[in-house]
Amino acid sequence: MIAADVAYLRPDTAEEAVDAWRRHAGARYLAGGTEIATAARRTAAFDLRACIDVKRIPEANVHEICGGCLRLGAALTLSDVAEGDAFPLLNAVLRGIADRTVRNRLTLGGNLAGLLPYREAALPLLLADATVLTVAPGADDRPPVRQERPLRAIFDKRLVLAPGELVLSFCVPLEAPEWPWSHYRRTRTGEVDYPLVTVAMVHDGAGVRFAVSGAHPYPFRSDAVDALLSKDGAAALPAVLEALGPLRADARASLEYRVALLKNMIRAGLEDLA
Amino acid sequence: MKELSGIVEIVLRINGEERRAAVRPGDTLLRVLREKLGLTGAKCGCENGDCGACTVLLDGKPVKSCMLLAVECEDAAVTTIEGLRDHPVQQAFAEENGFQCGFCTPGMILNAAALVEAHPESDDATDREWMQSNLCRCTGYEGIRNALAAARRKAAAP
Amino acid sequence: MNPASHLGTSPIRTDAPAKVRGTLRYTDDLVRPGTLQAAVLFSPLAHAEIKRIETAAAAAAPGVRGVFTGADWPDVLIGLYMGDKPPLARGKVRYHGEPVAVVVADDEASALNALRLVKTEYAPLPALGSPREALAPGAPILHPDMAGYARIPDILPEPGTNVANRTKIRKGDPARAFAEADVVAEGEFSFPPGNHVALEPRVAIAEYGADGRLEIDSSTQSPFEVRNLLARALGLPERRIVVRAGPIGGGFGGKAGIMLEPLASLLAMRFPGRPVRLANTREADLLSSPGRPGLQARVRLAARADGTLLGADIEFLFDSGGYADYAVNVSRAAAISCTGPYNVPNVKTDSLCVYTNHPFATAFRGFGHIELSYATERAMDLLAARLKMDPADLRLKNAIRRGDLSPTGAPMDENTGDLPACLAKVRARLAWDSAPHRAVQPDGKIRAKGISCFWKAPAIPTFTDAGAVLYFAEDGSATLGTGVIEIGQGAHEGLRMLVAEALKTDLDRVHVTRAVDTDRSPHDWATAASRSLFMAGRAALEAVADAVAQIQRTAAAPLQCRPEDLDVAGGRVFVREDPARFLPLEKVVLGYVYPNGNSIGGPVIGRGRYITPDLTSLDPDTGAGKPWLEWTLGAEGVEVEIDPADGNVRVLKAACCMDVGKVVHPALARGQAVGAMAMGIGYSLCEGFVFDARQVVQNGSLRDYKILRYGEDPEYFVDFVETPQQDGPYGLRGLGEQGIVGMPGCLSQAVSLAIGAHMTELPMTPETIWKKAQEPAP
């Protein structure tokens, strides 16, 4: 059970949401709630005083193609998104996260902005050079600020957001879902688990794009690795591993095993894209 | 904007009935069902979203009631196991021994009922994707698989 | 007039309607208003001195009625076979998850909020991470006061060491057997401790009444055992304790011992007149309450060149964790059955239960047999490899048969199951003799098969008992009362069928009381050891016979015959030679009333009793004795598919055939076998605790402790052989646990064959398989 006394706020607009955040010290945005419900129960350090339920903000629920892009609201559940046919790679990646009935609640924005490190939904969005629309409290008493920025510009291991900044939606350029793609994911044992390594790759016509999570405790994409794979394919594996930097070793898997999985996945991915 | 704190009265639409309850905003739907409304069919198997014993239907979709707040469910239709009566999936679980201890069964049946409704035709990959959400420690899943098949046969029969 | 036999039919379970509609009330569904809620603080360390526990702030928090630590009960020690565990840690903590303090409050939220205000300070101590570490010279002694612990005589602890029990088997002349052997195979095998993961977390609700009686509702498999152990731990006589247990949400042995009841009771005694609920979260259920033991084993087998086993030299080191609980008897059970189902004339076995700083261990499905079987089956595989012999043929050659001596020197009797028949069935299911055991698929994956044999005997007290009472209602129907708990296994369904069979009546005229209450139910040792249908079944049949005799006595006068001329069947009592002369049971079972109003008889109350006959304790030096009641023998096999690139493994088929004497309810019997096989697959491939260097559990939630999910299960094949158990009801013997026992062995064999290297540890996760496959061939 969640023992803390929590205030619940349900704004109808993005502006109300950031306003609520300003008025309630220590408030957290609540979307699917799958992480908040567990962290509030289990983690003594997780301080939960107020939840701002952002699921009814219309802009966070868009699911449409317009203006040359696929716009996906941050409050859409992973199941809702994965049932669409607009972005097959995204569907494949989302289907690996948690389990089906959790995905019926877990949202796209929550997966990217949450505390858990894997953030696998970021992989296809990073590969697609998606943009992200956010709203943040204005400085002092000025009105909230909306910004649409490239995801990669504000993604460094996690979404780098200002205090109180709320993700509203993601925008995927329409050519990206058309690219050939590949996705591999391995866990310690059963499928319903955090990934040891999860790799997503596309070929954008000009070259290979590669993103990975699990190998590091965060999603990773870099131009350097894309360039290496585009130029030399599987022959670039040693250089790619070097460029990826130190990989993770933990109670789930050793470093050597993660490296082996990563190599297998990159090789298989390159074959899929060829 | 709705703002709730302290003890609040909410109205939930559960199994087609309006149910009122005094809750704390931090109360999960699971705890409110069990402790405020006497609907103990949903079980506290882990309260961590891992086991599925607390599964209910929210607007027809199976969700884990330990992972959502009761106050989030106002305006939604909640179906608990107590709301299913002589459903083909229930009959099939009984006939095919889709349970032993019965503790996972309410959640398992609600998930299965939603699955059979969404996918009347059997498809191993889809069944697996859906049913992996619920743990059973007794049956080894054989009886549950057989129950799914039997429920689909029942649903398809005129 | 006689209805057809029920035995061998598969009626729908009587608990099905309540279970599929979610209306069955488990223990935690019964909480009454006004119940105090307890919340427990657990040790974050595996081994540490408790320097300080500060409770004042918590005690002053809103809604809090009390905060307690180990110091509140300085003398209470709890145990099953040996009293070694304080209700809350005193002085030091011995495992990650040990209860350290408890807050009691008006509601759960207040208790949990106050718990965060309890401040603790620990001085870490070196933590023992395995039995071998615990036995090494200079290892810290976890229980320096062991010599003073109360214990039963069958347990042989070694004070001054970390050995909580040592059971020795000395049979024949093993030294000579090894000297004369053509081939010796030897290996070391191990796995970490783990958990049962019953879906229902454990819960106890206790109330201390104004009359000085303690009432406990508990999710227990053993209400009478709990009453007895509580009486000893609390110094209350049994007459002042009542334990109630309804149906429970899975047990698998994890609810067979004593768990939350002592602490809940001690708390209740501080708040007379108010119920106190102590309920495990899943994390507490995994870490704090007992799980299953780990094992380090060394097995040496001596054989002739033709494969005939000559001797075995075995060391089992059970990882009991911080406390002994049931694990001391698990190690004893493993000694009793140490060779597996093979005829081994010369045996030297030392089976030890060793304290470590792991979560403590209790009974688990298979009770010592899944553990021993893993080690001996692996050793049999090594031997088969040395002999270049088909592993199934090696097992067949040595299969134990009637007249052979068990490891404790007692002869296998006429009830010995037909292991060769079981083995043949599993071979057929796997196409063992008609298709290769290993095949590389076009996609590079490797399919491989494995086969194992198993046996299991209940390791029970020599005085294991069961009582049964049969009552009747106005409609002539019968109600059976026993002390058997419905865990999900379906024992109540089986008992109902036995009673209906013996009464020769329709099934719907027999009812079995679900709830067990130590005040009202006949005594029953425990719902454990796969013994309920056997022992409570025997008692139930005796109760039926007793009731029938009473019915005959009552009916003899109005039917104008001798009692022995009467038969009972089809809801009637009738003259055997002239069935037209009959009375419907409803006119007899509560007494017969003559037309003029005169009455005779009174309510029929059938009484049945069972106690294990002829069992003995083990000789402490040689292990000689007859501790077992019956053996269930069987064979299991699997086919797996492995991706050598990453070690990913899928179980395609799992087959089990066991000799159960008589199948009462085929669908439920199959369900037990299938469920046990699935649990064995999880045990072998994904389960078990992961520890860090300080022995802190790294996978203490269901997020990380993985059990099988839907779709990870194989295609199952289950067959039964029926060699009657002469003393079992209608010839049956136990079958609930057995299907798990052979799984680690056959899975290890299959995986080893696939990758060309012998697996020696569980769980065989993809990474461990991949790693082993990388090792250069020896």
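Summarised in this report is the structure supplied together with it.

Parameters and conventions
- Residues numbered from 1 in each chain as written.
- Chains lettered and ligands numbered in written order.
- Predicted model: local features only at pLDDT ≥ 70, side-chain atom pairs only at ≥ 80, totals over all residues.
- Heavy atoms only, no water.
- Helix = DSSP H or I, 4+ residues; strand = E, 2+ residues; numbered from the N terminus.
- Rg over C-alpha atoms; globule rule 2.2 N^0.38 Å.
- Buried < 20%, exposed > 50% of the residue type's maximum accessible area, 1.4 Å probe, protein only.
- Contact = heavy atoms within 4.5 Å.
- Core = buried A, V, L, I, M, F, W, Y, C linked by side-chain atoms within 4.5 Å.
- Salt bridge = Lys/Arg side-chain N within 4 Å of Asp/Glu carboxyl O.
- Buried area = accessible area lost by both parts, 1.4 Å probe.
- Nonpolar A, V, L, I, M, F, W, Y, C, P; charged D, E, K, R; others polar.
- Polar contact = N/O pair within 3.5 Å; in protein donor to acceptor, adjacent residues only side chain to side chain.
- Phe/Tyr/Trp six-rings, centres within 6.5 Å; stacked < 30°, edge-to-face > 60°.
- Lys NZ or Arg CZ within 6 Å of the ring centre and 35° of its normal.

**A look at the overall build of chain A**
For chain A, the helix and strand inventory stands at ten helices and 13 strands. In summary, chain A has a C-alpha radius of gyration of 19 Å against a globular reference of 19 Å for 274 residues, a match within 12%. In chain A, which comprises 274 residues, the proportion classed as buried is 61%. Counting contacts in chain A only where the partners sit at least 6 residues apart, residues at least 24 apart contribute 60% of the total.

**Some thoughts on unusual backbone geometry**
All names here are of chain C. Across the junction of Leu762 and Pro763, the peptide omega takes the value -5°, indicating a cis bond. Along the chain, the position of Pro763 falls in the loop between helix H16 (743-755) and helix H17 (766-774). Not every positive phi belongs to a glycine, and Phe252 is a case in point at roughly 60°. Inspection of the secondary structure puts Phe252 in the loop between strand E11 (241-245) and helix H7 (261-270).

**Description of the nonpolar core**
Judged by nonpolar contacts, the single largest core of 264 residues is most densely connected at Phe316(C) and Leu470(C). Per element, the largest residue contribution to this core is 13 residues, and it comes from helix H14 (residues 532-559) of chain C. Beyond its immediate sequence surroundings of up to four residues, Phe316(C) is in contact with Leu295(C), Gln296(C), Ala297(C), Ala334(C), Cys338(C), Thr349(C), Asp350(C), Ser351(C), Leu352(C), Leu372(C), Ala375(C) and Thr376(C). Listed in part, the 77 residues of the second largest apolar core include Phe170(A), Leu33(B), Cys44(B) and Val56(B).

**Thoughts on the pattern of salt bridges**
Tallied over the entire structure, the rule returns 100 salt bridges over all chains. For Lys19(C), the salt bridge goes to Asp15(C), with nearest N and O atoms at 2.8 Å. When sorted by exposure, Lys19(C) lands in the same class as Asp15(C), which is buried. Between Asp381(C) and Arg378(C) there is a salt bridge whose closest N-O contact spans 2.8 Å. Note that Asp381(C) and Arg378(C) are positioned in helix H10 (residues 369-387) at a spacing of three residues, about one turn of the helix. The class of Arg378(C) is buried, set by a relative accessible area of 1%. Each of Arg31(B), Glu35(B), Glu47(B), Asp28(C), Glu108(C) and Arg277(C) takes part in one network of salt bridges that share partners.

**Quick notes on the interface of chain A and chain B**
Tallying the contact residues gives 40 residues for chain A and 33 residues for chain B. Of the roughly 3100 Å² buried between chain A and chain B on both sides combined, carbon and sulfur atoms contribute 47%. Broken down residue by residue, the surface that chain A buries against chain B is led by Met1(A), Tyr8(A) and Thr101(A), which jointly contribute 21%. Across the contact surface, chain A and chain B share twelve salt bridges. In this structure, the salt-bridge partner of Arg128(B) is Glu191(A), at a minimum N-O distance of 2.4 Å. Every element with two or more residues in the side of chain A that touches chain B is listed here: strand E1 (7-10), helix H1 (14-23), helix H2 (34-42), strand E3 (50-53) and helix H5 (100-103) of chain A. Counting residues per element, the side of chain A that touches chain B draws most heavily on H2(A), at five residues. Partitioned by chemical class, the residues of the side of chain A that touches chain B number 16 nonpolar, seven polar and 17 charged.

**Observations concerning the interface of chain B and chain C**
Listed as interface residues are 51 residues of chain B and, on the opposing side, 50 residues of chain C. Where chain B abuts chain C, roughly 4100 Å² becomes buried across the two surfaces, and 51% of that area is made up of carbon and sulfur atoms. There are seven salt bridges connecting chain B and chain C. Between the two partners, chain B and chain C, sit 27 residue pairs in polar contact (both at pLDDT 80 or more). Within the residue set of the side of chain B that touches chain C, elements represented by two or more residues are helix H1 (29-36), helix H2 (88-95), helix H3 (105-118), helix H4 (124-131) and helix H5 (142-156) of chain B. Classifying every residue of the side of chain B that touches chain C gives 22 nonpolar, 15 polar and 14 charged.

**Brief notes about the packing of aromatic side chains**
Evaluated as defined, the whole model comprises 22 aromatic pairs over all chains. On the numbers, 5.3 Å between centres and 50° between planes, the contact of Trp628(C) with Trp631(C) is tilted. No difference in accessibility class separates Trp628(C) from Trp631(C), as the two residues are buried. Feature note: the residues Phe189(C), Phe191(C), Phe364(C), Tyr374(C) and Tyr683(C) constitute an aromatic cluster, connected by ring pairs. Here Arg28(A) stacks its cationic end above the ring of Phe46(A), 3.8 Å away from the centre of that ring. Directly above the ring of Phe582(C) sits Arg572(C), whose terminal nitrogen or CZ lies 3.7 Å from the centroid.

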